[in-house]
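Summary of the model geometry
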Amino acid sequence: MNKRLITLLLAAGIAVIFATTAVHAGTEFKDTLTMKTDGYKKRKKAPPKFNFVEFSHKTHATDYKISCGECHHDKDGKALDVKMGDDVKGCGECHNKFKKDKKNKKDILVHENAMHGNCISCHKEINIKAGDPKGRKGPAPTSCGKCHTKIKKS
């Protein structure tokens, strides 16, 4: 083979490797996601007393059979038709306010409001189906300390 053809094939092979890596990187997700975003790095007060919440994609999708669209939705709140491996935005990309507005305390664009609203309402619904009319007691945690664990002092 001539050198030009070998060089061309080598360049094409490298391009395919880079393209495959880029596509794979965009669709990769972690089994467990730490609900930590850049917005919370801007805290000016002392370090928080609680760890960031850990969310298990694997447990919710595999064990509980919850579809990805239950959390991943469009701007109107309509569930997206997504599946594991699809390239989706993280919560903080849309729910990107990290300070509550005193006039609009329930602003859904505030990250904390969105997380609490989505997680707690789903967990309460599960507990109601399990027999607790108020949805507070049951298999799904609804109290603060079940998800927000205290940082252990060393």
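Residues numbered from 1 in each chain as written. Predicted model: local features only at pLDDT ≥ 70, side-chain atom pairs only at ≥ 80, totals over all residues. Heavy atoms only, no water.

1. Regarding the overall build of the protein chain
Defined as follows: Helix and strand definitions follow DSSP, with helices as H or I runs of at least four residues and strands as E runs of at least two, each counted in order from the N terminus. Three labels apply to residues, based on accessible area from a 1.4 Å probe with only protein chains included: buried if under 20% of the type maximum, exposed if over 50%, partly exposed otherwise in between. Here the Shrake-Rupley method, with its probe set to 1.4 Å, supplies the accessible areas, and only the displayed protein chains count as covering residues.
In terms of regular secondary structure, the protein chain is built from five helices and two strands. Scanning the protein chain from its N terminus toward the C terminus, one meets helices and strands in the order α-β-β-α-α-α-α. Residues classed as buried in the protein chain amount to 16% of the 154 residues present. When the accessible surface of the protein chain is totalled, it reaches about 12,800 Å², and 59% of it is carbon and sulfur.

2. Some remarks on the environment of Asp107
Cut-off, in case you're wondering: Residues are treated as being in contact if the distance between any of their heavy atoms lies within 4.5 Å.
Note that Asp107 resides in the loop between helix H3 (91–94) and helix H4 (111–129). When its relative accessible area of 11% is taken as the criterion, Asp107 is described as buried. Sequence separation between Asp107 and His95 is 12 residues, and the spatial gap between their C-alpha atoms is 9.5 Å. Residues contacting Asp107, with those up to four places away along its chain left out, are Lys97 and Asn113.

3. Points about unusual backbone geometry
The phi angle of most residues is negative, glycine excepted, and most peptide bonds adopt the trans form. One non-glycine residue, Lys65, lies in positive phi territory at about 60 degrees. Looking at the element boundaries, Lys65 is found in the loop between helix H2 (57–63) and H3. The class for Lys65 is exposed, based on a relative accessible area of 66%.

4. Observations concerning the side chain of Asp132
Keep this limit in mind: His residues and chain termini do not enter the charge count, which takes Lys and Arg as positive and Asp and Glu as negative. Salt bridge criterion: a side-chain nitrogen from Lys or Arg within 4 Å of a carboxyl oxygen from Asp or Glu.
Its location among the elements puts Asp132 in the loop between H4 and helix H5 (144–147). An unpaired buried charge is present at Asp132: no salt bridge exists, and Arg136, the closest side chain of opposite charge, is 6.7 Å distant. Not counting chain neighbours up to four residues away, the residues in contact with Asp132 comprise Asn127 and Lys137.

5. With respect to the environment of Lys97
To keep it simple, the criterion reads: Polar contact is defined as a pair of N or O atoms within 3.5 Å, subject to the rule that within protein one atom must be able to donate a hydrogen and the other to accept it, and that residues adjacent in sequence are counted only when both atoms are side-chain atoms.
Take Lys97: it is sitting in the loop between H3 and H4. Spatially, the C-alpha atoms of Lys97 and Asp107 are 9.0 Å apart, while their sequence positions differ by 10 residues. Within the local environment of Lys97, its side chain forms a polar contact with the side chain of Asp107, the two groups lying 2.8 Å apart.

6. Quick word on the pattern of salt bridges
Taken as a whole and judged by the stated rule, the model has three salt bridges. Across the salt bridge formed by Asp107 and Lys97, the nearest N and O atoms sit 2.8 Å from each other. On the criterion of sequence distance, the pair formed by Asp107 in the loop between H3 and H4 and Lys97 in the loop between H3 and H4 is long-range, its members being 10 residues apart. Residue Lys129 is joined to Glu125 by a salt bridge in which the shortest nitrogen-to-oxygen separation is 3.6 Å. Note that Lys129 and Glu125 are positioned in helix H4 at a spacing of four residues, about one turn of the helix. What makes Glu125 partly exposed here is its relative accessible area of 46%.

7. Some words on the side chain of Ser56
Residue position: Ser56 is located in strand S2 (residues 54–56). For Ser56, the side chain forms a polar contact with the side chain of Thr59, separated by 2.8 Å. For Ser56, the contacting residues outside a window of four places in its chain are Asp31 and Thr32.

8. Overview of the environment of Ala114
Looking at the element boundaries, Ala114 is found in helix H4. When the C-alpha atoms of Ala114 and Gly92 are compared, they prove to be 9.5 Å apart, with 22 residues separating the residues in sequence. Excluding residues within four positions of it along the chain, Ala114 makes contact with His95 and Ile108.

Any functional reading would require information beyond the geometric quantities listed.
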